[in-house]
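Below are the chains, spelled out letter by letter.
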Amino acid sequence: MSNTKVVYDGWMVRYGRRKIGRSFLHMRYFVLESRLLAYYKRKPQDNVVPIKTLVIDGNCRVEDRGLKTQHGHMVYVLSIYNKKDKYNRITMAAFNIQEALIWKEKIESVIDQHQESLVANGNKYHSFEYKSGMDSGRNASSSDQESQYSAAEDEEDSRPSLMRRTTIGNGPPESILDWTQESSALASQNANNQAFSRKHWRLLQCQNGLRIFEELLEVDFLPKSCSRAMKAVGVVEASCEEIFELVMSMDGTRAEWDCSFQDGSLVDEVDGHTAILYHRLQLDWFPTFVWPRDLCYVRYWRRNDDGSYVVLFCSREHENCGPQPGYVRAHIESGGFNISPLKPRNGRPRSQVQHLMQIDLKGWGVGYVSSFQQHCLLQMLNSVAGLREYFAQTDERIAPPRIPVMVNMASSSVSTKKSQKIQLNSVHNRSQSLDNAAKMMDEYSDEDEDFQIPDEEAYKAEQETKRVAFEEEPVVEIDLSCFSGNLRRVDNENSRDCWRLSDGNNFKLRSKRFCYDKSKMPGGKPLMDLVAVDWFKDTKRMDHVARRSGCAAQVASQKGHFCLVFNLQVPGSTNYSMVFYFVTKELAPGSLLQRFVDGDDEFRNSRMKLIPSVPKGSWIVRQSVGSTPCLLGKAVDCNYIRGANYLEVDVDIGSSTVANGVLGLVVGVITSLVVDMAFLVQANTTDELPERLIGAVRISHLELKSAIVPDLEPDPESSVRKQ
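Under the annotation held in an unreviewed UniProt entry, the chain carries the name enhanced disease resistance 2 and is attributed to Artemisia annua.

Novice: Explain empty space enclosed by the protein to me, please; I cannot follow it from the model alone.
Specialist: The rolling of a water-molecule-sized probe over the atoms marks out the regions of remaining empty space. Summed over the entire model, instances satisfying the criterion amount to 7 cavities of 30 Å³ or more. By volume, the largest cavity is sized at about 110 Å³. In this structure, the largest cavity is lined by Arg254, Asp258, Ser260, His279, Leu281, Leu295, Tyr297, Phe313, Ile332, His355, Met357 and Met380. Of all the secondary structure elements, the ones that give two or more residues to the lining of the largest cavity are strand E13 (274-281), strand E14 (293-303) and strand E18 (348-360). Among the residues making up the lining of the largest cavity, the classes are represented as 7 nonpolar, 3 polar and 2 charged. By volume, the second largest cavity amounts to about 80 Å³. Together, 13 residues line the second largest cavity, and Leu67, Glu269, Gly272, Ala275 and Arg299 are the ones closest to its centre. Those elements that provide at least two residues to the lining of the second largest cavity are strand E12 (261-271), E13 and E14. Per element, the largest residue contribution to the lining of the second largest cavity is 3 residues, and it comes from E12. Across the lining of the second largest cavity, the residue classes break down as 7 nonpolar, 3 polar and 3 charged.

Novice: Honestly, the sheet that holds strand E24 (residues 575-584) in this entry has me stumped. Any pointers?
Specialist: Strand pairing in a sheet takes place through backbone hydrogen bonds and is either antiparallel or parallel in direction. Taken together, the 5 strands give an open sheet; going across it, the order is E22-E24-E23-E28-E27, and neighbouring strands pair in mixed fashion. The sheet is open, and its two borders are formed by strand E22 (529-538) and strand E27 (637-642), each paired with just one other strand. In this sheet, adjacent strand axes meet at a mean angle of 15 degrees when their direction is disregarded.

Novice: Explanation requested: the packing of aromatic side chains in the structure shown.
Specialist: Each pair of aromatic rings is reported with the distance of its centres and the angle of its planes. On inspection of all chains with the given rule, the structure shows 16 aromatic pairs. Ring geometry for tyrosine 390 against phenylalanine 391: centres 5.4 Å apart, planes inclined by 85 degrees, an arrangement best described as edge-to-face. In this structure tyrosine 390 comes out as partly exposed when scored by relative accessible area, which is 22%. For phenylalanine 391, a relative accessible area of 5% translates into the label buried. Plain terms: the ring middles of phenylalanine 566 and phenylalanine 582 are 5.9 Å apart, the flat faces sit at 80 degrees to each other, and that makes the pair edge-to-face.

Novice: Can you walk me through the pairing of strand E7 (residues 85-94) in this structure?
Specialist: Sheet faces and side chains relate simply in a regular strand, where the side chains alternate between the two faces. By the bridge criterion, 7 bridges tie strand E6 (residues 73-82) to E7 in an arrangement that is antiparallel. Note on E7: the bridge partner recorded for asparagine 82 is aspartate 85. Once E6 ends, the chain turns through 2 residues before running back antiparallel as E7.

Novice: I would appreciate a short explanation of the side chain of serine 239 in the present structure.
Specialist: As for its placement among the helices and strands, serine 239 is situated in the loop between strand E11 (230-236) and helix H4 (240-247). Judged by relative accessible area, serine 239 falls into the buried class, the value being 18%. Among residues more than four places away in sequence, those in contact with serine 239 are Pro349 and Ser351.

Novice: Help me understand H4 in this model?
Specialist: Residues spaced three or four apart along an α-helix face the same direction, because each turn holds 3.6 residues. Counting buried positions along H4 yields 8 of 8 residues, so the element is predominantly enclosed. Listed in full, the buried residues belonging to H4 are Cys240, Glu241, Glu242, Ile243, Phe244, Glu245, Leu246 and Val247.

Novice: Is there a simple way to think about the sheet that holds strand E29 (residues 674-681) in this case?
Specialist: In space, the 5 strands of this open sheet follow the order E19-E30-E29-E25-E26, with antiparallel pairing throughout. Strand pairing shows two members of the sheet lacking a second neighbour, strand E19 (498-501) and strand E26 (630-631), which therefore form its edges.

Novice: Mind showing me how you'd approach the pattern of salt bridges here?
Specialist: Side-chain pairs of opposite charge can arise where the charged atoms are in close proximity. Here the structure, examined in full by the defined rule, presents 24 salt bridges. Residue aspartate 652 is joined to arginine 541 by a salt bridge in which the shortest nitrogen-to-oxygen separation is 3.2 Å. Placement of aspartate 652 in strand E28 (residues 646-652) and of arginine 541 in the loop between E22 and helix H11 (552-558) is noted, with a sequence separation of 111 residues between them. Residue class for aspartate 652 comes out buried when judged on its relative accessible area of 15%. Arginine 541 gets classed as partly exposed once you look at its relative accessible area, which sits at 43%. One salt bridge connects glutamate 688 with arginine 607, and the closest N-O pair in it is separated by 3.1 Å. Taken together, the residues glutamate 688 in the loop between E29 and strand E30 (693-700) and arginine 607 in helix H13 (residues 601-607) connect sequence positions 81 residues apart. A residue is classified by how much of its surface remains accessible, and arginine 607, at 2% relative accessible area, is buried. The network of salt bridges with shared partners includes Glu493, Arg500, Asp676 and Arg698.

Novice: Would you mind going over unusual backbone geometry with me for this structure?
Specialist: The bulk of non-glycine residues show a negative phi, and the bulk of peptide bonds are trans. With an omega of -5 degrees, the peptide bond running from leucine 689 to proline 690 counts as cis. Tracing the sequence through the fold places proline 690 in the loop between E29 and E30.

Novice: Please explain the packing of H4 against helix H6 (residues 383-392) as it appears in this structure.
Specialist: For any two helices packed against each other, one specifies the inter-axial angle together with the distance between the axes. Where H4 meets H6, the axes come as close as 12 Å, and the angle between the chain directions of the two elements is 120 degrees. Classified by the angle their axes make, H4 and H6 are oblique. For the pair H4 and H6, the crossing hand works out as right-handed. For the pair H4 and H6, contact is made by Glu242, Ile243, Leu246 and Val247 and by Leu387, Tyr390 and Phe391, respectively. Class assignment of the residues belonging to the contact of H4 with H6 gives a composition of 6 nonpolar, no polar and 1 charged.

Novice: Honestly, the pairing of strand E9 (residues 201-207) in this entry has me stumped. Any pointers?
Specialist: Of the pairings in the sheet, the one linking E9 to strand E10 (residues 210-215) comprises 6 bridges and is antiparallel in character. Following the sheet pairing, arginine 202 is matched in E10 by glutamate 214. In textbook terms, the turn of a hairpin is the stretch between consecutive antiparallel strands, and for E9 and E10 this stretch comprises 2 residues, one of which, asparagine 208, has a positive phi near 55 degrees.

Novice: What exactly am I supposed to notice about the side chain of arginine 14 here?
Specialist: Examined against the element boundaries, arginine 14 turns out to sit in strand E1 (residues 6-17). Overall, arginine 14 belongs to the buried group, its relative accessible area being 14%. Of note is the side chain of arginine 14, whose polar atom sits 2.8 Å from the side chain of tyrosine 39. In this structure the side chain of arginine 14 is engaged in a polar contact, spanning 3.1 Å, whose partner is the backbone oxygen of threonine 91. Apart from the residues within four sequence positions on either side, arginine 14 is in contact with Phe24, Leu25, His26, Arg28, Phe30, Tyr39 and Thr91.

Novice: Can you help me understand the environment of tyrosine 576 in this one?
Specialist: Of note, tyrosine 576 is situated in strand E24. The exposure class assigned to tyrosine 576 is buried, which follows from its relative accessible area of 15%. Placed 40 residues apart in sequence, tyrosine 576 and phenylalanine 536 show a C-alpha to C-alpha distance of 5.6 Å. Excluding its chain neighbours within four sequence positions, the residues that come into contact with tyrosine 576 are Trp535, Phe536, Lys537, Met542, Leu568, Gln569, Val570, Leu704 and Ala707.

Novice: Help me out: how do you make sense of the environment of glutamate 586 in this one?
Specialist: Positionally, glutamate 586 belongs in the loop between E24 and helix H12 (592-598). Measuring from C-alpha to C-alpha, the distance between glutamate 586 and cysteine 563 comes to 9.1 Å, with 23 residues separating the pair along the chain.

Novice: For this particular structure, what's the right way to read the environment of glycine 485?
Specialist: Take glycine 485: it is sitting in the loop between helix H9 (456-465) and E19. You can call glycine 485 partly exposed: its relative accessible area is 33%. For the pair glycine 485 and cysteine 551, spaced 66 residues apart in sequence, the C-alpha separation works out to 7.3 Å.

The rules behind each value
- The residue numbers shown here count from 1 along each chain, following its written sequence.
- Two thresholds apply to this predicted model, a pLDDT of at least 70 for residue-level local features and 80 or more for giving and counting side-chain atom pairs, whereas whole-chain, interface and lining totals are computed over all residues.
- Where side-chain values are given, they derive from all heavy atoms of the structure, hydrogens and water being excluded.
- In this analysis, the protein atoms alone were mapped onto a 1 Å grid. Cavities are point sets where a 1.4 Å probe fits without being able to get out; pockets are open sets with protein on both sides within 12 Å along at least five of seven lines; lining residues have an atom within 4 Å of a point.
- Grid points are joined across faces, edges and corners, and a volume is the space filled by probe spheres set on the points.
- A helix here means a DSSP run of H or I that spans at least four residues, while a strand means a run of E at least two residues long, and both kinds are numbered starting from the N terminus.
- Side-chain classes are defined by residue name, with Ala, Val, Leu, Ile, Met, Phe, Trp, Tyr, Cys and Pro counting as nonpolar, Asp, Glu, Lys and Arg as charged, and the others, Gly among them, as polar.
- At least two bridges found by DSSP between two strands is the condition for calling them paired.
- Note on geometry: axes are lines fitted to C-alpha atoms, helical ones only across the stretch in contact, with angles between N-to-C directions running from 0 to 180 degrees.
- Only Phe, Tyr and Trp rings take part, Trp by its six-membered ring, and two of them pair if their centres are within 6.5 Å. Stacked means planes under 30 degrees apart, edge-to-face means over 60, and tilted covers everything else.
- Only protein chains enter the area calculation, which uses a 1.4 Å probe; residues under 20% of their type maximum are buried, those over 50% are exposed, and those in between are partly exposed.
- Any two residues having at least one pair of non-hydrogen atoms within 4.5 Å are treated as being in contact.
- The rule for a salt bridge is simple: a side-chain nitrogen of Lys or Arg has to be within 4 Å of a carboxyl oxygen of Asp or Glu.
- With respect to orientation, any angle under 35 degrees is reported as roughly parallel, any angle over 145 as roughly antiparallel, any angle of 65 to 115 as roughly perpendicular, and every other angle as oblique.
- The hand of a helix crossing depends on one turn: near helix anticlockwise from the far one by less than a right angle means left-handed, and clockwise means right-handed.
- Each polar contact in these results corresponds to two N or O atoms within 3.5 Å; when the atoms are within protein, one needs to be able to donate a hydrogen and the other to accept it, and residues that are neighboring in sequence are counted only if both atoms are side-chain atoms.

Structure follows, in structure tokens:
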């Protein structure tokens, strides 16, 4: 580390996209100095060389890229670059908005200092302040105003009307009514524009500590099919960031403060500020006689310069979110939240929350029963009181909450057959080239895998209230005599052309404290029993082998057990498949393994891990295979087939040039090798740690000629996957 003054430092998420197209999240230690931004794999000591640096001067820009969903996490992304060299940039992200905003403010302050020093020295320098003829008023947001020019920003110094702080995106979609601008000068200058027409409100009632307003009828643009707008205004004792993160949630936490929420999912992520969502309403107005309502709408958000947050809603059709059986599709004409900071009281932050809805609940009876529309609208607006009570429950909030992630509609539990087809088609092509091999080996190594650094005190508190799950697991024995595969099991150490169980303690897995000191521990007893191994060959690649009648997966399903099938596909003039069947009585609800089985393909690809080892073989083979954990979904193509009581993972080893090269070396001497393989789901957070083995196997001196041609009937799902 240099001896210059450190302005700010700490752990942040390294966010980016590899050359092969896959995005990644890595924890890195960032250091901001007076003239330099750098990041390291670990907290730097002495003269450690950083992974990457960026010189900070007056030409630098901080680009706000909004929220991005990656590998089951939602992060707030910032990109820092120099306008003279836009291709040299550092992209960083945080799991909570507060931390991202602190970094944004610190970096911008360093940039400001360099600009001021240039002006003080008499050098000509454009400050790039926003001087448009349009007065933005109190709610001005650089996130929106600059986005109109961000693509061509600072191409010429002759354009001083541009602001220095830029963001990605094009502002709110045209269809969205920005009702938060109604009191600004911007609205009066656009009085002839319907989108900025001024609303007139009257106080309708006070309820649950909220003021409920109703839009007056003296408006000439109210659609005939839509009711008048209503909004609730209340004060919540929490920061704008805390409230915003809850408002953006579409998971189980939302049901704790929004009584009209049943469930929701992500349909499409347009950019960091815009997304298409699906939302089911939980309305209690004569549910026996009234069909439930659902919504498909676009959500746009921004952070204003005064620290307030605006979230806007408007209904929109989407090809992946058609009408759902048993639901009436309601229509949002306008809606959203406006979260503004207030002066703290008694040392506690306060915010004013406005929630507006203008919605047509549709259905034949709505026009005849006006009380139905108003009752449901008040129920939705009551979420402001829910927010207030939610934060009133907690006296102290030490650690800022993470931004909640949304479930993709294709993998949600309410998905239809159409959405299941979308999920099957979501497997990405991950072909890799030899010229990227060195880089990829570094990225896929365990040292550089995705993990998170939580708060140490939070970790200790968690240990006092939680016990390690597997210490309390009952021992459930499975009758293994009913399972069989064509590769024989022999427990003799010196046997050939066979398999046997490998000791889990031979593999090092992440311990409970891995997030702090990267310590590992022996694997121990696996979660599932390896009951059979099949060794197949055919002229074509063998997919979905679990459909084969009489195989271990089918037998397990008949007995009510769950089976996880790993099909390692070896390409060549003759295609080979080695199939492992792992069985358990049932999946523990909420466990990492259950989330892996029922998750979407992106989550599975980011978590499925293989640990290889060659205890016996030539030196060159042992060095080529190594013993470094590998995330299979990042290294090769994996296809997932979810059956009634099983999940099959087809691992196409031939999809990777690097893996194919190693495989060619191994196949030639396979009869002289003893190979160990351990399968597990990677744990990233403290509540997922420690890691547990799915199972481990040892293959001894395999013979190619012992493989058999399987009796596979045509796969009914193959046509679905090709669509």
